[in-house]
Amino acid sequence: MPRADFYLIDKPRFRAQPLLLVCELARKAHASGQPTLILARDQAQAEALDDLLWAFDPDEYLPHQIAGQDEDEDEAPILIAPPEIDAPLRPLLINLRDAPPQGAFERVLEVVPADPAARGPLRARWKHYQAQGFDLRKYDM
């Protein structure tokens, strides 16, 4: 059964910089050996995430790259895909877009903004995954 995990931003450090939570999730996925595809909202967010992953942990390198920039992107454990790049799905997705991902995958991680007014699309995605028979989980971060 596919699974959708919703991570609600609550801690001050994630409120100040929500992409830090994405880096934490990517680090956990990498540590467990799961190739990860991050579906960025736009090119600017993909580049910001790329920069943050370089500087995120001074003691650990998280191998990553932006899709469409190199021929060997299939080998990158963490691949960041802006919407204009049609990257093949991986078993684990981190979705930062407003729409739920389409296609076959095992697990999707959704980052829920701290601002209650911005949570509308996430509620719709919860209902979408529920209707598709996903195992749903929620975490306060």
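Residues numbered from 1 in each chain as written. Predicted model: local features only at pLDDT ≥ 70, side-chain atom pairs only at ≥ 80, totals over all residues. Heavy atoms only, no water.

1. Concerning helix H3 (residues 43-55)
Alright, step 1. Under the 1.5 Å per step criterion, the end-to-end length of H3 is 19 Å for 13 residues, consistent within 8% with the ideal 18 Å.
Alright, step 2. Burial in H3 covers these residues: Gln45, Ala46, Leu49, Asp50, Leu52 and Leu53.
Alright, step 3. For H3, the N-terminal cap is aspartate 42; the gap from its side-chain oxygen to the backbone nitrogen of alanine 44 is 3.3 Å. (Helix = DSSP H or I, 4+ residues; strand = E, 2+ residues; numbered from the N terminus. Expected span 1.5 Å × (residues − 1). Buried < 20%, exposed > 50% of the residue type's maximum accessible area, 1.4 Å probe, protein only. Polar contact = N/O pair within 3.5 Å; in protein donor to acceptor, adjacent residues only side chain to side chain.)

2. A closer look at the side chain of arginine 107
Alright, step 1. The topology assignment puts arginine 107 in strand E6 (residues 107-112).
Alright, step 2. At a separation of 2.4 Å, a polar atom in the side chain of arginine 107 contacts the side chain of aspartate 5.
Alright, step 3. Non-local contacts of arginine 107, meaning those with residues more than four positions away in its chain, are made with Arg3, Asp5, Tyr7, Pro91, Leu92 and Leu93. (Contact = heavy atoms within 4.5 Å.)

3. Let's talk about the pairing of strand E2 (residues 36-39)
Alright, step 1. Side-chain alternation along E2 places Thr36 and Ile38 on one buried face and Leu37 and Leu39 on a second face that is also buried.
Alright, step 2. For E2 and strand E4 (residues 78-81), the ladder comprises four bridges, and the chain directions are parallel. Paired with leucine 37 across the bridge in E4 is leucine 79.
Alright, step 3. One ladder, built from four bridges, connects E2 with strand E5 (residues 92-95); its direction is parallel. Across the sheet, leucine 39 pairs through a bridge with asparagine 95, a residue of E5. (Pairing = 2+ DSSP bridges.)

4. Some remarks on the environment of glutamate 84
Alright, step 1. Its place among the elements puts glutamate 84 in the loop between E4 and E5.
Alright, step 2. Separated by 33 residues in sequence, glutamate 84 and aspartate 51 place their C-alpha atoms 19 Å apart.

5. Some remarks on the sheet that holds E2
Alright, step 1. The strand order across the open sheet formed by seven strands is E3-E4-E2-E5-E6-E1-E7, and the pairing between neighbours is parallel. At either end of the open sheet lies a strand with only one pairing partner, and these are strand E3 (64-66) and strand E7 (135-140). Mean inter-strand twist for the sheet, computed between neighbouring axes without regard to direction, equals 20°.
Alright, step 2. Here three bridges tie E3 to E4, and the two strands are oriented parallel to one another. Its bridge partner lying in E4, histidine 64 is registered against isoleucine 78. (Axes fitted to C-alpha atoms, helices over the stretch in contact; angles between N-to-C directions.)

6. Description of the packing of helix H2 (residues 19-31) against H3
Alright, step 1. Close contact between H2 and H3 brings their axes to 10 Å; oriented N to C, the two are set at 60°. As summarised for this structure, H2 and H3 are arranged oblique, according to the angle between their axes. Taken as a pair, H2 and H3 cross one another with a handedness that is right-handed. Between H2 and H3, the residues in contact are Leu19, Leu20, Val22 and Cys23 and Gln45, Ala48, Leu49, Leu52 and Leu53, respectively.
Alright, step 2. Here the residues of the contact of H2 with H3 sort into eight nonpolar, one polar and no charged. (Parallel < 35°, antiparallel > 145°, perpendicular 65-115°, else oblique. Left-handed = near helix turned anticlockwise from the far one by under 90°. Nonpolar A, V, L, I, M, F, W, Y, C, P; charged D, E, K, R; others polar.)

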